Amino acid sequence: MLLTDRQAAAFRRRLVDDLRERGIADERVLAAIGRVPRHRFMPDTGLHRQAYDDVALPIGEGQTISQPYTVARMTELLDIREGERVLEVGTGSGYQAAVLAELGARVFSIERHAALLQKTRPILKALGYDPVVRTQVGDGTYGWPGYAPFDAIIVTAGGPEVPAELRDQLRDPVDGQPDARLLIPVGPPKRQVLHRITKTGPDAFADERFDGVVFVPLVRGA
Ligand code: SAH
């Protein structure tokens with residue numbers, strides 16, 4: 001069943017209340033989630049009714065759109081400022097990229113499945129996120145050297161280690177600005193931990209650990 005805009009808006013308000021209750025405290029993040037029509041990022045209209053439930057749902061090619069809580073939590077941990085340049089590895093549906101764009105980021109997003117991007121690009125365009133969100137087919141574990149360095153990097157797939165190339169594409173510290181940070185799920189399949197790696201000096205990094213998460217695999221060199 002298709003959702004009307006009115007129904008979708010009501011579902012979104014409920015989702016935002018839910019996320020707030022579950023501990024998402026950054027009102028800017030909640031407002032961004034409240035603005036992005038998550039159902040529009042799901043190719044299977046039969047799933048639209050579930051779009052605002054807190055679950056990951058299939059988007060094709062064996063991949064998923066991350067659950068709203070995870071998107072909210074990761075976005076909160078990234079603490080995006082207006083005008084920041086953000087690299088996303090794993091465009092998937094484009095939903096996370098849209099949430100980042102709503103926070104005022106310029107988003108550079110890489111997806112290894114060309115077939116997924118073929119579906120996602122027109123959606124981003126139709127919703128007005130082009131050219132704020134720029135996408136590219138490729139292996140994002142090598143970053144996007146042409147647009148580096150970045151203020152923030154978010155990896156929305158999980159792997160056993162932190163690719164050095166991504167760390168190296170964080171910008172150096174600048175007075176009066178938050179340090180550049182990389183948010184990445186690290187660990188074995190089905191059991192990763194969110195790491196936030198902050199670049200505190202030209203060759204210095206801090207590594208903090210947060211929630212346990214389950215992401216689809218971050219595929220390298222395939
Ligand atoms: N951020 C997405 C989540 C998609 S799931 C969303 O909001 O919908 C993770 C995605 O990462 C999948 O589409 C998968 O194909 C992609 N992926 C996995 N390894 C990758 C790599 N090395 N480079 C780019 N994308 C990758």
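Just so you know, these numbers come straight off a predicted model, no measurement behind them. (Residues numbered from 1 in each chain as written. Predicted model: local features only at pLDDT ≥ 70, side-chain atom pairs only at ≥ 80, totals over all residues. Heavy atoms only, no water.)

*Asks:* Provide a residue-level description of helix 4 (residues 95-102), including the pertinent values.
*Replies:* Counting buried residues along helix 4, 7 of its 8 residues qualify, which places the element largely inside the surrounding structure. Of all the positions in helix 4, only Y95, Q96, A97, A98, V99, L100 and A101 are classed as buried. Looking at the residues trailing helix 4, positive phi occurs at G104, about 95 degrees. (Buried < 20%, exposed > 50% of the residue type's maximum accessible area, 1.4 Å probe, protein only. Helix = DSSP H or I, 4+ residues; strand = E, 2+ residues; numbered from the N terminus.)

*Asks:* Could you give an account of the packing of helix 1 (residues 5-21) against helix 2 (residues 27-35), with specific residues and numbers?
*Replies:* Put simply, helix 1 and helix 2 touch, their axes get as near as 9 Å, and they point 155 degrees apart. Relative to helix 2, the element helix 1 lies roughly antiparallel. Handedness of the crossing formed by helix 1 with helix 2: right-handed. On helix 2, the residues that touch R12, L15, V16, L19 and R20 of helix 1 are E27, L30, I33, G34 and R35. Of the residues that constitute the contact of helix 1 with helix 2, the class distribution is 5 nonpolar, 1 polar and 4 charged. (Axes fitted to C-alpha atoms, helices over the stretch in contact; angles between N-to-C directions. Parallel < 35°, antiparallel > 145°, perpendicular 65-115°, else oblique. Left-handed = near helix turned anticlockwise from the far one by under 90°. Contact = heavy atoms within 4.5 Å. Nonpolar A, V, L, I, M, F, W, Y, C, P; charged D, E, K, R; others polar.)

*Asks:* Outline the site of the ligand, supporting the account with residue identities and numerical values.
*Replies:* Close to the ligand lie 27 residues, the nearest being S93, E111, D139, G140 and V219. For the ligand, a nitrogen atom lies 3.0 Å from a polar atom in the backbone of G90. Between T156 and the ligand, the recorded distance is 3.1 Å, taken from a side-chain N or O atom to a nitrogen atom. Within the complex, 99% of the 580 Å² of free accessible area of the ligand lies under protein. Taking a 2 Å distance to the grid points as the criterion, the majority of the atoms of the ligand fall inside the largest pocket. (Near = heavy atom within 4 Å. Polar contact = N/O pair within 3.5 Å; in protein donor to acceptor, adjacent residues only side chain to side chain. Areas by Shrake-Rupley, 256 points an atom, 1.4 Å probe, with all protein chains shown as cover. 1 Å grid on protein atoms, 1.4 Å probe; cavity = no way out; pocket = protein on both sides within 12 Å on 5 of 7 lines; lining within 4 Å. Sits in = over half its atoms within 2 Å of the grid points.)

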